[in-house]
Amino acid sequence: MKLGIGPIVGLAACGRPAEVPPEPVTCAEGAEVDVVTPTGAVLVRDVRVVVPRPAAAALEVDGEVVARWPAATVHDLPVFGRPGAVRDVRVLLTCDRLPGVVGPLAVDVGDGPDPWPTIEVLVDDPARREPGLTLLDIGEPEGVQWVAVVEPDGVPVWAWASSTGKVLDARIEPDGTVWVLTDDEIAQIDLLGRPLRRWRPTVGVVDDPVTPQDGTIPVDVNLFHHEVYPVPGGFLAMDQESTYVDAYPVSTTLPNGPFAPAYVLNPVVVEVDLDGAVRSRFDLQSRLDPQRIGWLSLQESTPGYDWGHANAIAVDPTDGGLVVSVRHQSAVVKLDRTTGDVVWILSNPAGWRSPWAELLLEPVGDVVWPGHQHAPMVTAAEDGTLEILMFDNGNFARTTPYDGDSDDTDDGQDYVSRMVAYRVDEAAGTVSEHWATFGTSTGRLYSGAFGDADPQPLTGNRLGVWGMMFVDDGVRNVDRDRGQKSVRLVEAAPDRSVVWELSAWGPLDAAPQGWQTHRAQRVATLYPSALEGSAVTPPAR
């Protein structure tokens, strides 16, 4: 749909041009408008405004100014909505002439994502939950993979489908840029679904070489997995390499020997510039005990045993240090950002030999150690300590092969997942358990993989993701005619009460493998920084 706005000409009764006083010339004079359907995203339309001279633009949707842009001659303005919504849109322009208005426009945002899970909101306390929308990745294990934004009632208002494999991580930045990690690449996209930058490994792993693609930025790594963490001028990510170990345990029931030579997967933390240059590489096996194993450290993968399975990175805001989750070790470790040296280890002390034992944080009070955790988030606590919030999956009942109890079946029958916040006193070398919740509105649940836990800045709540559940409310999903996997998002207040909870699943016949989620993020708006620093004044109607 295109609209053109031009001068008005009148005629006198005798056919000669009338003497009409010239109308004031506004910034909308000569504007062309086109409502474009993006190819990369749904529930969004691009209101493209082209003006002959630079003009600042304010986007008004249903009577509310939601976003502003600096002066330009071409504006691509995203309009979002629930499935089937028709939004009343005006574009308010200011320049070196009088302010002008384009519109009103009736913008139909179109249909929602398809296929899409059944979503139920089990709890919603608007007065106590963190305000805003929720961004999450959600997909069928071998099918469509969405990055989506839902309103508090679970209805989507934006979604983007991956064309490069499974979505492993997604987050939105204050400027509206969305970072997405898939099987094959890291990408920045805008909310119209347009790629801004794409990074791809140049090496690949055995039997799975990387396929170069035009327009991508090459990075000298084997692969990207689990995490992309934006930092100024670049990002942190996880790589891995195959390392030869001359003495590696051959059994989880005999972790202290016998040993045999083996190739193992060595996780590597990399920091990468936006141009693809690798700033630093810190492998974990040369910094941690290569002989210490967890219950899944003898799980075979290409090309070696999955010794560590590092699955997340966060930055310590007090000194820039790197906090890394090493899932198969049930350990969270901090590395010096400059040297890569280990600063401390938060882990069950069982199985740690010297010199690593000396780096273990000493527990203060009752501390339940994490088991196969995900997604630590680091904040500076008010008492001068560091708060490490994470999703503690609780695999193998939080035991290790060194505890003397064999629990290597991981059938999940007696396991339970939780969100937990530890407090780390680096000066004292201690850790305490500050807050934890197992609770959902329907009781305790277990997510054997995936998971997330994010602090909420306004309310102090925590938002958690039980991202891959085979059992929901004590009943196997397939026994309820649901797909194998289901998802639960839970927002808990500081007093541990549930203030918002979302359940996502699919019918067994339509989605036999179910649905799963890695991460979720609460965002104030889909225009996170659009109203800051603007002097645009809406003209009168």
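Computed from a predicted model, the values in this text were never measured in an experiment.

**Q** Where do I start with the overall build of the protein in this structure?
**A** Along its length, the protein carries zero helices and 40 strands. A buried classification covers 55% of the 541 residues belonging to the protein. Counted over contacts in the protein with a minimum sequence separation of 6, partners at least 24 positions apart contribute 59%.

**Q** It is not clear to me how the sheet that holds strand β27 (residues 331-335) should be interpreted in this structure. Could you clarify?
**A** Strand pairs in the sheet, formed through backbone hydrogen bonds, run parallel or antiparallel to each other. Sheet architecture is open: four strands sit in the order β25-β26-β27-β28, paired in antiparallel fashion. In the strand order of this sheet, the two ends are held by β25 (310-315) and β28 (342-347), each with one partner. If you compare each strand with its neighbour and ignore which way they point, the axes differ by 20° on average. Bridge count for β27 against β28 is five bridges, and the pairing is antiparallel. Considered in β28, the bridge of alanine 331 is made with serine 347.

**Q** Before we go on, may I ask you to explain the sheet that holds strand β35 (residues 462-469) in this structure?
**A** A sheet is described by the order of its strands in space; here five strands give the open sequence β8-β39-β38-β35-β34, paired in antiparallel fashion. The open sheet has two edge strands with one neighbour each: β8 (118-124) and β34 (452-455). If you compare each strand with its neighbour and ignore which way they point, the axes differ by 10° on average. In the sheet, β34 pairs with β35 via four bridges, with the strands oriented antiparallel. Along β35, the bridge assignment pairs proline 455 with arginine 462.

**Q** Explain the pairing of β27 here, please?
**A** The two faces of a sheet get side chains in turn, since along a regular strand they alternate between them. Buried residues dominate β27, accounting for five of its five residues. By the bridge criterion, five bridges tie strand β26 (residues 322-326) to β27 in an arrangement that is antiparallel. Its bridge partner being in β27, valine 326 is matched across the sheet by alanine 331. Counting the residues in the hairpin turn of β26 and β27 gives four residues, including serine 330, whose phi is positive at 45°.

**Q** When you look at the confidence of the model for the protein in this model, what are you seeing that I'm missing?
**A** The predicted coordinates of low-pLDDT regions are not to be read in fine detail. Averaged over all residues, the pLDDT of the protein equals 91, while 89% of them reach at least 70. Under a pLDDT of 50 for its full length, residues 5-14 has, in the predicted model, 16 contacts with residues more than four places off or in other chains. Low confidence marks residues 531-541, where pLDDT is under 50. Its contacts with residues over four positions away, or in another chain, come to 22 contacts.

**Q** What am I meant to see in the nonpolar core here?
**A** A general tendency of soluble globular proteins is for nonpolar side chains to be buried together. Of all hydrophobic cores here, the largest spans 47 residues; its most connected members are Leu284, Leu288, Val324, Ile345 and Leu346. Look past the residues within four positions of leucine 346 in its chain and what remains in contact with it is Ser330, Ala331, Val332, Leu361, Trp369, Pro370, Tyr422, Val424 and Val431. Cys27, Ala28, Ala67 and Val89 belong to the second-largest nonpolar core, a separate cluster that totals 43 residues.

**Q** Mind showing me how you'd approach unusual backbone geometry here?
**A** In most cases, non-glycine residues show a negative phi, while peptide bonds are predominantly trans. In this chain, glycine 103 is followed by proline 104 through a cis amide linkage whose omega measures 10°. Its location among the elements puts proline 104 in strand β7 (residues 100-108). Residue proline 115 is bonded to the preceding aspartate 114 through a cis peptide linkage, with omega at 0°. Mapped onto the fold, proline 115 is located in the loop between β7 and β8. Phi is positive for histidine 309, which is not a glycine, with a value near 55°. Among the secondary structure elements, histidine 309 is positioned in the loop between β24 (304-305) and β25. When its relative accessible area of 21% is taken as the criterion, histidine 309 is described as partly exposed. The phi torsion at aspartate 473 lies on the positive side, around 60°, for a residue other than glycine. Among the secondary structure elements, aspartate 473 is positioned in the loop between β36 (471-472) and β37 (475-476).

**Q** So what exactly am I meant to see when it comes to the state of the cysteines here?
**A** Put plainly, a disulfide is one covalent bond tying together the sulfur atoms of two cysteines. Here the structure, examined in full by the defined rule, presents one disulfide. Each sulfur in the disulfide pair cysteine 27 and cysteine 95 lies 2.1 Å from the other. Between cysteine 27 and cysteine 95 the sulfur-sulfur dihedral comes to about -105°; the bridge is accordingly left-handed. Within this pair, whereas cysteine 27 is found in the loop between β1 (2-4) and β2 (32-36), its partner cysteine 95 is found in the loop between β6 (86-94) and β7, the two being separated by 68 residues in sequence. Classification of cysteine 27 by relative accessible area gives buried; the value is 2%.

**Q** Please explain the pairing of β35 as it appears in this structure.
**A** Where burial is concerned, most of β35 is hidden: eight out of the eight residues are buried. With antiparallel pairing between neighbouring strands as the criterion, β34 and β35 make up a hairpin whose turn holds six residues, including glycine 460 at a positive phi of roughly 80°. When β35 meets strand β38 (residues 486-492), the two strands line up antiparallel, connected through six bridges. Each residue of the ladder has a partner; that of methionine 469, found in β38, is serine 486.

The rules behind each value
Residues numbered from 1 in each chain as written. Predicted model: local features only at pLDDT ≥ 70, side-chain atom pairs only at ≥ 80, totals over all residues. Heavy atoms only, no water. Helix = DSSP H or I, 4+ residues; strand = E, 2+ residues; numbered from the N terminus. Buried < 20%, exposed > 50% of the residue type's maximum accessible area, 1.4 Å probe, protein only. Contact = heavy atoms within 4.5 Å. Pairing = 2+ DSSP bridges. Axes fitted to C-alpha atoms, helices over the stretch in contact; angles between N-to-C directions. pLDDT = per-residue confidence, 0-100. Core = buried A, V, L, I, M, F, W, Y, C linked by side-chain atoms within 4.5 Å. Disulfide = S-S within 2.5 Å.

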